[in-house]
Amino acid sequence: MSLQAPRGTNDIYGSYSQKWGYVISVIQNRLKRYDYHQIITPTFELTDVFKRGIGETTDIVGKEMYTFEDRGGRSLTLRPEGTASVARAYVERGMDQLLNKKFYYIAPMFRYEKPQKGRYREHYQFGVESFGNESPLMDAEVIDLLMGTYRDLGLSSLEVKLNSVGCRECRPGYESRFEKFIHKIRSSLCEECKNRSEKNPLRILDCKNPNCKKVLQDTPQINKYLCEECGDHFSVLQTILTKLNIPFQVDSKLVRGLDYYTKTVFEITSGGLGSQNAVGGGGRYDNLLESFGAKKVPAVGFGCGLERLLMVLESENVNLPIDEGIDVFVGGCLDSSLSIGMKKLQSIRELGFSGNMDFRVRNLKKHLQQASKLNARCALIFAEDEYQEEKVIVKNMAEHQQEIISWDNVEEFLTEWLKK
Ligand code: HAM
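All of the points below concern the structure found in this document. Please read these numbers as outputs of a predicted model, since none were measured by experiment. (Residues numbered from 1 in each chain as written. Predicted model: local features only at pLDDT ≥ 70, side-chain atom pairs only at ≥ 80, totals over all residues. Heavy atoms only, no water.)

Remarks on the site of the ligand
Just so we agree on the cut-off: Working definition: residue near molecule or strand if any one of its non-hydrogen atoms lies within 4 Å of it. In protein, a polar contact means a hydrogen-donor-capable atom and an acceptor-capable atom, both N or O and within 3.5 Å, with residues adjacent in sequence counting only if both atoms are side-chain atoms; elsewhere, any N or O pair within 3.5 Å suffices. To be clear on the numbers: accessible area is Shrake-Rupley with a 1.4 Å probe, and residue cover counts the displayed protein chains and nothing else. Counting from the N terminus, the helices are the DSSP runs of H or I reaching at least four residues and the strands are the DSSP runs of E reaching at least two. We call Asp, Glu, Lys and Arg charged. Ala, Val, Leu, Ile, Met, Phe, Trp, Tyr, Cys and Pro are nonpolar, and the rest, Gly among them, are polar.
Taken together, the neighbourhood of the ligand is formed by 26 residues, with E81, T83, E113, E129 and Y261 sitting nearest. Y261 is positioned such that a nitrogen or oxygen atom in its side chain is 2.6 Å from a nitrogen atom of the ligand. Burial of the ligand by the surrounding chains reaches 96%, relative to a free accessible area of 660 Å². Those elements that provide at least two residues to the shell around the ligand are strand 6 (122-131), strand 10 (278-284) and strand 11 (299-305). Here the shell around the ligand takes six residues from strand 10, the largest share from any one element. Looking at side-chain class alone, the shell around the ligand contains eight nonpolar, eleven polar and seven charged residues.

Here you go:
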């Protein structure tokens, strides 16, 4: 049997990995402008972090976690999402003392889901978590950050779906109203939703089953049951998003599949993704830290799937400015010229240019073919005829110009040439 990658995982390589790197550099550039600092948490946590954080009756905790016992008998889980881990770290390390409480991560997440296009068992998320600020302006900042990142990458047609799921004060009132409604239509729901109606009825609103969606059309709307504080928060957020020119649509069925949310929830979807159409999502979670044993710390954040982001860029035919070439290709046509070639390659790289070399002795034609395949701007070939005079052929690959220069002049010559 030949070895294979586990189902639902990807290898990132070749031009895809260059696009990946470019996307991350664009993300980091925007994060810097918003003053978010990187946080790196462990890839695995004690299972309780996710059970308590995400909620025991969610699909993630109930069905999708990679949980195992370590040799010391502890139950550990590979991180299925970033928020619970960052919240755990915030409480444990006393990060309330930090001046800057705005964090970001770019990290792999693990969920035992049924793999399909855009849905993997290991996926990467770019996410932010901002702590200590209860203002709807902070919700607007994270949404603005996410939408700005999409724009930086060349995606300008994405729209935010927005809702408010209320708080501990107003949610129970909605829930009892919703449960009465569900009781009436229960027999028309899918088996899974019937199950959800016992354990965590709100999750029914997430169901993708077309029939469930249909019978839920007239469901009571959660954002109509908000208390005064949540109602004000939601309305200020909408006013600010409008001021910031961020297009959004209120979707009263949006509740998201994690239990920690309070007030704002949002999701960004794209038609180009098929059924797994969420390219990012997030919201506010003002009670999560308290449930981890800290004092109440308001917080808001989002997660954005990198694989899906690259898929949207592909489906929208966005050309990423990936420089797949190199500045200089170095080749030697004699055994004895390889070492001088390597020496010159070292100084070219020290000067800040990119270079590559074929460490085999080959003839001039073969080296030039290789330089062209590697998309080199110029080739530096230590050929036989020039070797005795300590000279080298420099070829400008685009303009097909060739010169013969002395070894000592290589650095100066290339610096001039490559600056153009
Ligand atoms: P989430 O909606 O579960 O939220 O995931 C965030 C994003 O990760 C999704 O919108 C999607 O782009 C991507 N994603 C999720 N699951 C998969 C998968 N199996 N394969 C590929 N991509 C996937 C969270 O995880 C929250 N922690 C977000 C958050 C941060 N809320 C507040 N702060």
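Points about the sheet that holds strand 2 (residues 44-46)
What counts, and what does not: The criterion for strand pairing is that DSSP finds at least two bridges linking the strands in question. Axis lines are fitted through C-alpha atoms, for helices just across the contact stretch, and the angle between N-to-C directions can take any value from 0 to 180 degrees. Note on contacts: a residue pair qualifies if any of its non-hydrogen atoms lie within 4.5 Å across the two residues.
Sheet architecture is open: three strands sit in the order 2-4-3, paired in antiparallel fashion. Both edges of this open sheet fall to strand 2 and strand 3 (67-69), since each of them pairs with a single strand only. The average angle at which neighbouring strand axes cross in this sheet is 35°, direction not considered. Direction of pairing for strand 3 relative to strand 4 (residues 75-78): antiparallel, over a ladder of three bridges. When the sheet's bridge partners are listed, F68 is paired in strand 4 with L76. Along the sheet, helix 2 (residues 47-54) contacts strand 2, strand 3 and strand 4; its crossing angle with strand 2, the most-contacted strand, is approximately 80°.

Some words on the nonpolar core
Convention followed: Nonpolar cores are built from buried Ala, Val, Leu, Ile, Met, Phe, Trp, Tyr and Cys residues. Side-chain atoms within 4.5 Å join them into one set. A simple rule labels every residue: compare its accessible area, found with a 1.4 Å probe on the protein chains alone, to the largest value its type can have, and call it buried under 20%, exposed over 50%, or partly exposed in between.
The biggest cluster of nonpolar side chains holds 49 residues, and the ones touching the most others in it are F126, Y150 and L309. Within the residue set of this core, elements represented by two or more residues are helix 1 (14-33), strand 6, helix 5 (136-152), strand 7 (159-164), helix 9 (228-243), strand 9 (262-269), strand 11 and helix 11 (306-315). Among the elements that take part in this core, helix 5 stands out by supplying eight residues, more than any other. Each residue touching L309, except ones within four places of it in the same chain, is listed here: V23, I27, Y150, L153, L155, V279 and C304.

Re the packing of aromatic side chains
For clarity, the cut-off: Ring pairs shown here join Phe, Tyr and Trp side chains whose ring centres sit within 6.5 Å, with only the six-membered ring taken for Trp; geometry is labelled stacked below 30 degrees between planes, edge-to-face above 60, and tilted in between.
Evaluated as defined, the whole model comprises 16 aromatic pairs. Here a set of aromatic residues connected by ring pairs shows up, and it is made of Y90, F103, F131, Y260, Y261 and Y285.

Things to note about the packing of helix 1 against helix 11
Put simply, the rule reads: Small angles under 35 degrees read as roughly parallel and large ones over 145 as roughly antiparallel, with 65 to 115 read as roughly perpendicular and the rest as oblique.
In the contact formed by helix 1 and helix 11, the axes pass within 11 Å of each other and the chain directions differ by 105°. Taken together, the axes of helix 1 and helix 11 lie roughly perpendicular to each other. Contacts from Y16, K19, W20, V23, I24 and I27 of helix 1 reach helix 11 at L306, E307, L309, L310, L313 and E314. Partitioning the contact of helix 1 with helix 11 into residue classes produces nine nonpolar, no polar and three charged.

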